[in-house]
Amino acid sequence: MDSSSPGSSTTSVSAKHILLSEILSVTSVMRKNSRWALSTPSYTSRDSTLASSLGLRVSKAALVPYAPGRGSTEQELMAGFQDLKRLVKDIEDIRSLPLSTILSPFLSIIRSPLSTGPITSAALTALHNFFLCGLVHPDAPSLHSALAELSSALSSCKFEASDSSGDEVTLLKIMSVIQDAMCGSVGRTLGDIEVCEMLETVLTTSCQMRLSEILRRSAEGTLHQLVRTAFSRLYELDPEVEERKFTDNGDIEGGEVKMSVSTTGPLSEELAPSRDQEGESSGPVPEPIPAQVVEQPPEAPTGPRPAYGLPSVLELLRVLINILDPNDQAHTDSTRLTALRTLNVAIEVAGARICAYPSLATLILDHGCKFLFQLARSEHPLVLQTALRTIATMFETMRPKLKLQQELFLAFTIDRLAPPPTATAKNLPLAQKALTASTRASSSVPSTPQLGPQSTESEPENTPSTPRLLVPPARGDTRELLLETLTQISRHSSFMVDLYINYDCDMNCENMFERVIEFSAKGIYPVQTLGGQDYHLQNSQFLCLDLVLAFVGRMAARAEGASAAWPPHYPRPEDLQHTKSKKRLVLTGAARFNTKPKTGLTFLEENKLIYSDPNEPRPLSLAKFLKHSARIDKRLLGDFISRPENIEVLKAFMTLMDFKGKDVAEAMREMLETFRLPGESQQINRITETFAEVYFSTEPAEVKSQDAVYVLAYSIIMLNTDLHNPQIRKRMSLEDYMRNLKGVNDGSDFSSEYLRDIYESIRKREIVMPEEHTGQLGFEYAWKELLARTRQAGDFLMCNTSLFDADMFKAVWRPVVSAIAYAFISFDDDYIMERAIAGFRQCATLARHFDMPDVFDFVVVSLSQATSLLSDAQPAQVPNYPVVEVDGQPVTVSTLSVKFGTNFKGQLAAVVLFNIVNGNANALREGWTQIFEMFQTLFMHSLLPSRMLQMEDFLGGTSTIPLRGSQPARAPPRSDGLLSALSSYLMTPYASSTDALVPDATDADVENTLCTIDCISTCRLDELYSQIMQLEPEALVAAVRALEALAHERTVAKLKLESDDVSTTPGQPHPAPYTLPYDPASVFLLETMVSIARQTPQYIEDVWPIVFEHLSALLSTPTQYSILLIERAVVALLRLCHILAERHTLRDQIYLSFDLLARLPPTIASSVAEQVVAGLTLIFQQHQDILRSQTEWGIVLALLRSTISHPEASRQSFEILSAIATEGPQQLVTPDNFTGLVYALDEFATAAGIAVDAQQQGRRTQSLNASNSPIVERGRKAIDLIADLKRYWSRFAESSGLQKSQVWRQFALPLLSSLGRQASNTSREIRHAAMVHLQRILLGPHLPVDEDNQGQIEDIFNRVIFPLLDELLKPQTLLRDPMGLPETRLRASALLCKAFMQFEAREGQTADIRVLWIQVLDLLDRLMHVDRRDQLYEAVPESLKNVLLVMNATGLLVPPTSPEETRDERQIALWAATHERIERFLPGFLDEIIPTPPPQPTPGPAPAHSAEPTEAPSS
């Protein structure tokens, strides 16, 4: 049966039955038409069998059943079916007949313009049924010729138009038959020509705007199916074979594989002209197609043709991409939409496979990306959405080949999504120009972008010139759509890593990773300037938050092990990281060059970005950098290399371009596209001359001399301007151009063909100089540059590795955490808050993983703001809150507990915050301030665990910190301060005065308070408090510093603020010292700080300075604080002294503490006397070893020093010290007290300096000096007394038998160190006196130093002079006395040089003084450059000159000798080190002072180099 034959489908009737039925259907419809009904078939000329049997001669044309011309009349068309019926009448298995014979009458109907819509529809239905029943199958005879005829007939289908709906049904059936042919079993046997014809038919139908929407959409659906089928062929083909065939054959099939699209006429007679007519009616098409005669079917191929492959797919892709061109007015947005959707289908099917075919990939990478990116700024919503979808699909499937294209798209997207720039933004002028410039002729087309190249001013890093589509910021739906696309593109877990690897670590790309993260983080904040509905704005914020949280989550997953291995064929990670580091330097160097070339070159040379290869000529090294760095300003570059002094750089720059084999126009084009031609004629002349020299060396054809090249180059510049300047109306003709160049080729003429080629090259393609255009031409130039970079950029690397996570996180963590915190605080959506919390935890995980305490601090600070536990102003007085009993426990119902109990987000933030800190306390630094501030708030509202409320003293164990004091707020200190304090201790923190009214607490208040207590319990504060006691040193110090800062704010700072307020109150000319009321929080902070220090004695050395600073601040003004606070400060000091006594290195701090206590006023001292005695007794009982001979002197002297703050006592103390130090009948100065005496006198001088400094900080008008300040006077006398103590050195040596070295170490060095310290005293008088004495002693004859003992000499510098100069050079030191300190620095620099000349630059010096000498030069360098306006700038070179001359005279510093070296190794080393160091800050100075014998003549600009720095000192 027929059903058993090959290719048959499952049917219960035979193929012959179906064929005869379809013939009947078609002929029936034909007879219904009045014109066709009159047609009777004629058999005379066709009955070849009968004629032969009668012996008649038959022509060859008559023997052909269906000649090419048949079907020109109704009779012939009808006769075709009659012939077919007769032919199959006696044949049972019609599958044995040639398929072309069976289909011929049906195809004739379809092809004939005499047919009507119903007749054509019936014929198409018949063909469709033939496919369904399997009559058309892969093994059918003459299948290839039949398919060729079918394709031709369908593509040239014509019929008389009747009603539009019926005609469109016919067109629908055409689509159906084409789909049967391509997507069915015979599709693989179609040739490229047939596929192109079918695709063109369907594509044209789907683009016919006069057809109904239903038909066009149906045709588009068919088109998508055909495209899927066609592009799926790419997986079956061998790319190398196909590309080779395509290359070998050129245009396959003799140029017949071409497609075009018409959008103006339909396929019926009214609406589908022939291809020739179509070409006329449809306007310009992407590429012209050859004219074809469509009235006749094509000649059947003689043999089987190869199945379709790359040519047809390439042609389809070309047509689709060309339709997208937004500057082509032949196509509307509707047509582009169809092409976009179809292209998206093609990329979805075979995007990854397209990359394997260079011809296809090139289309996508060049025109495809260019047109898609231009459409991505369309104002047509559907075009924009479809373009973005296609772009996303393209990146999804072809990302490895789209490195620079993706960079461009991301940059463009971020530019559009970024908020509009402010008036001060650098890119405002360029943006305005792009938005307000007059449009070009092609810009009138809807949705055509206004284009422009990237502005170097719009990027802070001066990024490479990638094309930019300059458009206003996206708003509303457009903004949301762009964000959704960006989110879709970035959905891969390795996306951010890939950005960092491919762009941030690429010298020629933007820092795209940092840009995306920065944009995403900023996008979470609201931008009111963008306008739009709140929904759109909030959704945009959510999308940005998704990007940020996805980045953090993926990095955290990689940190936990979900990281991919780095492929071995990728570049080494360390190389990429090195490139990233170098990129920062290049960005900085290029930016400095663009600002000031000389500064930029200095920076580049210092960082070895140029001149790094000693074997490479310097001009060539610089030229390479300038040519290959896309970040150099092209205008500035042209101006720089054309300067007279840079002529060698210009020549080297030209040699970097390969002009070999290029005509002069192309060579000029290449040169002028690398930099902007300067405007000065002399500069242009230098460039042209250099070009002529380099180009002529390549031996170009027809050019006889270098001068001829020079003239040609100038003529090309002028021709380019003449032909393309819009202000020039009369253009230069070819004849004019040829006439202008007569006789310039070394006296002869260039050939007319040679000059015509130059003229046509410039006419057709303008030479676009960098930064010259902002329209379409400029964009085309920038796009060409991008494609050129693409060839060098390589593939897009993709790897979800964790190797770069640390660098990435360090670069962006701050804006990321800030954005997450803002989202958590601002958004009320539960899902958002949950994700933000997860983001916080992941950031903490990453901070711990990368050891980044700053991140922990930032997380804590961010979360603490959301807890509502940080109050801007905490009241010092605690109100009387109601206390209720719940389950037998007292509960204080405060305002905070009620408010916090209703703040779910605040509770959430608190729990997350403390859960993060618990277990990570050692990673916290600055965040401790917020932690303890929340502790303080909770303490003030009785919400802390009881363990954290305890305080200890020497008299009676522990007690609880009272929340309210027993004395009035502003009462003066009472004499029974101790009893008052003890009565305060007996109060519980929850007690209240019975005199005050306590408000009632409602049930709701109690419930909210219980919620607060539950939340605080969940935070596990007691566990955190325990962890604080076990912190590592760095975190512990940070915690104590935070406590001290908070305590300082509530005590010292608050006292100053409120004291100033009281002092400015009118009506109080002499107000009494203001006293702060009792503040329980200040006591809580102090007790917490001391408890931490007490429980971590192993770190007392680190903690003590911080705590002591606060205690000394309190005890320095004890009458202005609550007596309870001062008592707690005294107890804290003594408790810590007990620990200090166990540390030998800190025992001197005990005496400092005693000094502090001795300064207490009598009223305060009487109040705390018992505590002081108890504390001292305990210390001395347990540490009797501190009471030694020298220590006894120390205690006495410490007691004396304790009175310095008291005017009368300090005077008497100073008199006693003066009597000890002054020469008298009895020598009181001994070796045991000498050092202590120096220290005591030194502290008097220091106190004077502190007083002067405090006076300056207080900004009083009159400065303190010896005449108006006893403190300064005593300090001034103390300096004289210290200096006079030098006379005891020789006596101690004689009386005690001490060696000179012992005298030096024990007595001389402390005295000199003291004078050295005081030489930087804030007091000008003390400072100058100390400087004078120090110079006299050091340079005098009585200094007990052994000149042969290098160690003692180095002590003079390292412990006296160098520390002094280091202190004088500190900025904070200068702030203490800006007017007088420069003079001190001048004296100190002179002392430095004199001391060095005396002790080191002497005759017979044998020690190696290089290290000390270099330190001296370092200090002179710093002194000279500390302030160029200062006298030091001129004085230092003079002093240095003297030192150098002395060193030269003593034979220490000897210049190189020529031709034979006569110096020893020490002299060589010292000269080399000196020369290298002085050259850094005084270039050429050393050679000027100590001239070097002239070396043998060598080429090069050395004399100019050496001559330039010699002027530096005088300048």
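Each chain has its residues counted from 1, running along the sequence as written. pLDDT decides what is reported in this predicted model: residues at 70 or higher carry local features, side-chain atom pairs at 80 or more are listed and counted, and totals for whole chains, interfaces and linings draw on all residues regardless. Heavy atoms from the whole structure form the basis of all side-chain values; hydrogens and water molecules are not counted.

Participant: Just to check I follow, could you spell out the overall build of the chain for this structure?
Facilitator: Helix and strand definitions follow DSSP, with helices as H or I runs of at least four residues and strands as E runs of at least two, each counted in order from the N terminus. Each helix and strand in the chain was counted, giving 65 helices and 6 strands. Out of the 1515 residues belonging to the chain, those deemed buried represent 52%. Any two residues whose heavy atoms approach within 4.5 Å at even a single point are treated as in contact. Within the chain, contacts between residues at least 6 apart in sequence are counted, and of these 76% link residues at least 24 apart. Each accessible area is a Shrake-Rupley result for a 1.4 Å probe, and residues are judged covered by the shown protein chains and nothing else. Per element, the accessible surface of the chain, about 66100 Å² overall, is 52% carbon and sulfur. Using a 1.4 Å probe on the protein chains alone, a residue whose accessible area is under 20% of its type maximum counts as buried, one over 50% counts as exposed, and one in between counts as partly exposed.

Participant: Can you help me understand the pairing of strand S4 (residues 889-892) in this one?
Facilitator: Across a regular strand the side chains alternate sides, sitting on one face of the sheet and then on the other. Bridge count for strand S3 (residues 883-886) against S4 is 4 bridges, and the pairing is antiparallel. Considered in S4, the bridge of Val884 is made with Val891. For two strands to be treated as a pair, DSSP must find no fewer than two bridges joining them. Counted along the chain from S3 to the antiparallel partner S4, the turn is 2 residues long, and its residue Asp887 has a positive phi close to 55°.

Participant: Help me understand the packing of helix H11 (residues 213-232) against helix H15 (residues 333-354) in this model?
Facilitator: At a closest axis distance of 9 Å, the pairing of H11 and H15 adopts a crossing angle of 20°. By the criterion of interaxial angle, the relationship of H11 to H15 is roughly parallel. Note on packing geometry: the crossing formed by H11 with H15 is right-handed. In contact with Arg217, Glu220, Leu223, His224, Val227, Arg228, Phe231 and Ser232 of H11, H15 contributes Thr338, Arg341, Thr342, Val345, Ala346, Glu348, Val349, Ala350 and Ile354. Its residues assigned to classes, the contact of H11 with H15 shows 8 nonpolar, 4 polar and 5 charged. Only the contacting stretch of a helix is used when fitting its axis, a line to C-alpha atoms as for every element, and angles between N-to-C directions run 0 to 180 degrees. Oblique is the label for every angle not falling under 35 degrees (roughly parallel), over 145 degrees (roughly antiparallel), or within 65 to 115 degrees (roughly perpendicular). Whether a crossing is left-handed or right-handed is set by the direction in which the near helix is turned from the far one by less than a right angle, anticlockwise for left-handed and clockwise for right-handed. Residues are grouped as follows: nonpolar covers Ala, Val, Leu, Ile, Met, Phe, Trp, Tyr, Cys and Pro; charged covers Asp, Glu, Lys and Arg; every other residue, Gly included, is treated as polar.

Participant: Explanation requested: the nonpolar core in the structure shown.
Facilitator: Across soluble globular proteins, nonpolar side chains show a tendency to be buried alongside one another. Of all hydrophobic cores here, the largest spans 287 residues; its most connected members are Phe231, Trp928 and Phe935. Those residues in contact with Phe231, other than ones at most four positions away along the chain, are Val313, Leu316, Leu317, Ala346, Val349, Ala350 and Ile354. Each nonpolar core is a collection of buried residues, namely Ala, Val, Leu, Ile, Met, Phe, Trp, Tyr and Cys, held together in the definition by side-chain atoms within 4.5 Å. Ranked by size, the runner-up nonpolar core spans 88 residues in total, among them Leu1334, Ile1361, Phe1362 and Leu1452.

Participant: Could you clarify how one ought to interpret unusual backbone geometry in this entry?
Facilitator: Glycine aside, the phi torsion of most residues is negative, and most peptide linkages are trans. Located in the positive-phi region is Glu702, a residue other than glycine, with phi close to 75°. Topologically, Glu702 is positioned in the loop between helix H30 (681-696) and helix H31 (706-724). Overall, Glu702 belongs to the partly exposed group, its relative accessible area being 37%.

Participant: Looking at this structure, I do not really get the side chain of Ser1313. What am I missing?
Facilitator: Positionally, Ser1313 belongs in helix H56 (residues 1300-1318). Classification of Ser1313 by relative accessible area gives buried; the value is 13%. When near neighbours in sequence (up to four residues on either side) are disregarded, Ser1313 contacts Arg1359 and Val1360.

Participant: Would you mind showing me how to read H15 here?
Facilitator: Since there are 3.6 residues in each turn of an α-helix, residues three or four apart along the chain are aligned in direction. Spanning 22 residues, H15 covers only 26 Å between terminal C-alpha atoms, well under the ideal 32 Å at 1.5 Å per step. The angle between axes fitted to the seven residues ending at a residue and the seven residues starting there is what we call the bend at that residue. Roughly 55° is the biggest bend found in H15, and it falls at Glu348. Here, expected helix span is obtained from the residue count minus one, scaled by 1.5 Å.

Participant: Honestly, the pattern of salt bridges in this entry has me stumped. Any pointers?
Facilitator: Pairing between side chains of opposite charge can happen when their charged atoms approach one another. For this document, the term salt bridge refers to a Lys or Arg side-chain nitrogen within 4 Å of an Asp or Glu carboxyl oxygen. On inspection of all chains with the given rule, the structure shows 51 salt bridges. Salt-bridge contacts for Asp333 lead to Arg336; the nearest nitrogen and oxygen are separated by 3.2 Å. Taken together, the residues span about one helical turn, with Asp333 and Arg336 both in helix H15 at a distance of 3 residues. Among the residues examined, Arg336 registers a relative accessible area of 0% and is labelled buried. With a shortest N-O distance of 3.2 Å, Lys1370 and Glu1367 are connected by a salt bridge. The class of Glu1367 is buried, set by a relative accessible area of 19%. Within this structure, Arg188, Arg233 and Glu236 form a network of salt bridges that share partners.

Participant: When you look at the environment of Gln577 in this model, what are you seeing that I'm missing?
Facilitator: The topology assignment puts Gln577 in helix H24 (residues 573-595). Distance in space between the C-alpha atoms of Gln577 and Leu803 is 9.9 Å, their sequence separation being 226 residues. Excluding its chain neighbours within four sequence positions, the residues that come into contact with Gln577 are Leu803, Phe804 and Asp807.

Participant: Is there a simple way to explain the confidence of the model for the chain in this structure?
Facilitator: Segments scoring low in pLDDT should not have their predicted coordinates read at a detailed level. Every residue gets a pLDDT, meaning the predictor's confidence in that residue, from 0 to 100. Per-residue confidence for the chain gives a mean pLDDT of 80; residues scoring 70 or more make up 80%. Between residues 1500-1515, whose pLDDT stays under 50, and residues either more than four places distant or in other chains, the model counts 12 contacts.

Participant: I'm lost on the packing of aromatic side chains in this one. Help?
Facilitator: Each pair of aromatic rings is reported with the distance of its centres and the angle of its planes. By convention, a stacked pair of Phe, Tyr or Trp rings (six-membered ring in the case of Trp) has centres within 6.5 Å and planes under 30 degrees apart, an edge-to-face pair has planes over 60 apart, and any other such pair is tilted. This model, assessed by the stated rule, comprises 38 aromatic pairs. Each residue in the set Tyr500, Phe513, Phe551, Trp566, Tyr570 and Phe804 is aromatic and connected to the rest through ring pairs, giving one cluster. Here the basic side chain of Arg233 rests over the ring of Tyr308, its NZ or CZ set 5.3 Å away from the ring centre. Between the NZ or CZ atom of Arg618 and the centre of the ring of Tyr611, over which it lies, the distance is 3.8 Å. Charge over a ring is defined by NZ of Lys or CZ of Arg lying within 6 Å of the ring centre and within 35 degrees of the ring normal.

Participant: When you look at the environment of Ser151 in this model, what are you seeing that I'm missing?
Facilitator: Mapped onto the fold, Ser151 is located in helix H8 (residues 143-155). Relative accessible area serves as the criterion here: at 0%, Ser151 is assigned to the buried category. As for Ser151 and Cys196, which are separated by 45 residues in sequence, their C-alpha atoms are 9.0 Å apart. Residues within four places of Ser151 in sequence aside, it is in contact with Ile193, Glu194, Glu197 and Met198.

Participant: Please clarify how the side chain of Asn745 should be interpreted in this entry.
Facilitator: Residue position: Asn745 is located in the loop between helix H32 (734-740) and helix H33 (752-764). The exposure class of Asn745 is buried, given its relative accessible area of 1%. Excluding its chain neighbours within four sequence positions, the residues that come into contact with Asn745 are Glu702, Val703, Lys704, Ser705, Ala708 and Phe750.

Participant: What is the right way to look at the environment of His849 in this model?
Facilitator: Here His849 lies in helix H36 (residues 830-850). With 289 residues separating them in the primary sequence, His849 and Glu560 have C-alpha atoms 9.3 Å apart.

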